[in-house]
Amino acid sequence: MRRPRSQRRSFDHAHGAPARARALVMVGAALAASCSRGGGAEQEAAPAGSAGRAPAALTSAARGAEAGQTRQPAAVKELAVRKLAPGAAIAIDGRLDEPAWQAAARTGPFVNVGTGREDRSLPTQGEARLLWDDAFLYVGFDVSDGTITGGFAPGARDPHLWERDTVEVMIDPDGDGDNKDYYEIQISPQNLVFDSQFDDYNAPRGGASGPFGHQEWSAGLASAVELRGTIDDDSDEDRGYVVELKIPWSSFAKARSAPPSPGDAWRMNFYAMQNNGGAAWSPILGEGNFHRARRFGRVRFVGAGGETGGAGAAARDAGPAAARDAGAAPVPAPSAAPPGVTSAAGARPGAAAPSASAGPKPGYRADPPDR
């Protein structure tokens, strides 16, 4: 940052003045920097050795004070997810065409993991929908992808799906963002599954080739995929794919309470991936890779009639993460956005292609590798 013009003129004049006048000007500039909240940054921008630069200790102190007073925790995404109405049912067929999916909570378009903005330059775009009942968590992904890639052996167990195309769910049942006892689930366009449970951030890990976490853990899920194009065939035009899954609450043995009660909040993140990178619901913003639980969004479970569990739910969420995420946005109401129409064969409700912003694009790829 440049100094105000009046200050620059003072220093220009001081260069031709007696030594005593020059010394007084330097002292005055140093005092001004120490009294100004913005002085640290201003002095930091001055060239080394220039007149008026505050002593190193003073600059560091000013910088520390400014950081403590002005830096706020970056907000994570939040979503209220309504419970299925009594008698409603979801068929796992990759179509997302039941009425319940039309009224389900939606994440909205995924964003650049590093910037938090929608980014048309990413090769995959996506969004997710969520529902729940007493037996299962339901997730529906809609992914836009111009080159659907599989390439794994049929029936492969825990293949490294992130190296090609896949969707990913990260789940921290405690909701505290501390990376203790969280789960990872990936499903590819081939409807292959990678699932694992982790004790801590990326741990345990057996090396560059794995195993990654406790791969013996199984989510016990049911899933289905519908393609809008042809997998592993670049001769036609691909448009993406839909993944529909349900995960039994009984699989989350590390959870304090499963199934959750209305008002409970779990931490989750959702990704549409290609070649060990991708787009996310809640951005990581340079704080690590896709496993960084404190950047997972907060999913709050709402009863079928909209009940949230009252004040007790807020008390259950209290903890170190409450202060860390003080800047989080308010919990939105469950979405009831109308379905879109996307299908390789023609119109089909329930598989809306996510929109993308036409705003400015970052000049670099800001998503960290998943591994």
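The structure we're discussing is the one just above.
Every value quoted in this text rests on a predicted model; they were computed, and no experiment measured them. Residue positions are given per chain, counting from 1 as you read along its sequence in written order. A pLDDT threshold of at least 70 governs which residues receive local features in this predicted model, and a stricter bar of 80 or more applies before side-chain atom pairs are shown or counted, although totals over entire chains, interfaces and linings include all residues. Hydrogens and water molecules were not included; the side-chain quantities draw on all heavy atoms of the structure.

Q: What am I meant to see in unusual backbone geometry here?
A: The general pattern is negative phi for most residues beyond glycine and trans for most peptide bonds. The omega torsion of the bond from alanine 203 to proline 204 falls at 5°, within 30 degrees of zero and hence cis. Helix numbering and strand numbering both begin at the N terminus, where a helix is a DSSP run of H or I of at least 4 residues and a strand a DSSP run of E of at least 2. Secondary-structure assignment places proline 204 in the loop between strand E8 (193-198) and strand E9 (222-228). With an omega dihedral of 5°, the bond running from glycine 210 to proline 211 counts as a cis peptide bond. Within the secondary structure, proline 211 is located in the loop between E8 and E9. Non-glycine residue asparagine 202 carries a positive phi angle of around 60°. Residue placement: asparagine 202 occurs in the loop between E8 and E9. Even without being a glycine, asparagine 275 presents a positive backbone phi close to 55°. By the secondary structure assignment, asparagine 275 is in the loop between strand E11 (265-274) and strand E12 (277-280).

Q: Would you mind showing me how to read the pairing of E12 here?
A: Within a regular strand, the side chains alternate between the two sheet faces. Criterion used throughout: strands pair if DSSP finds at least two bridges between them. In terms of strand pairing, strand E3 (residues 111-112) meets E12 through 2 bridges, oriented antiparallel. The residue bridging valine 111 from the neighbouring strand is alanine 280, located in E12. The sheet contact formed by E11 and E12 spans 4 bridges and is antiparallel. Looking across to E12, one finds that methionine 273 is bridged to glycine 278. As consecutive antiparallel partners, E11 and E12 are separated by 2 residues, and within that stretch asparagine 275 has a phi angle of approximately 55°, a positive value.

Note that all results are geometric; they support no functional claim without further evidence.
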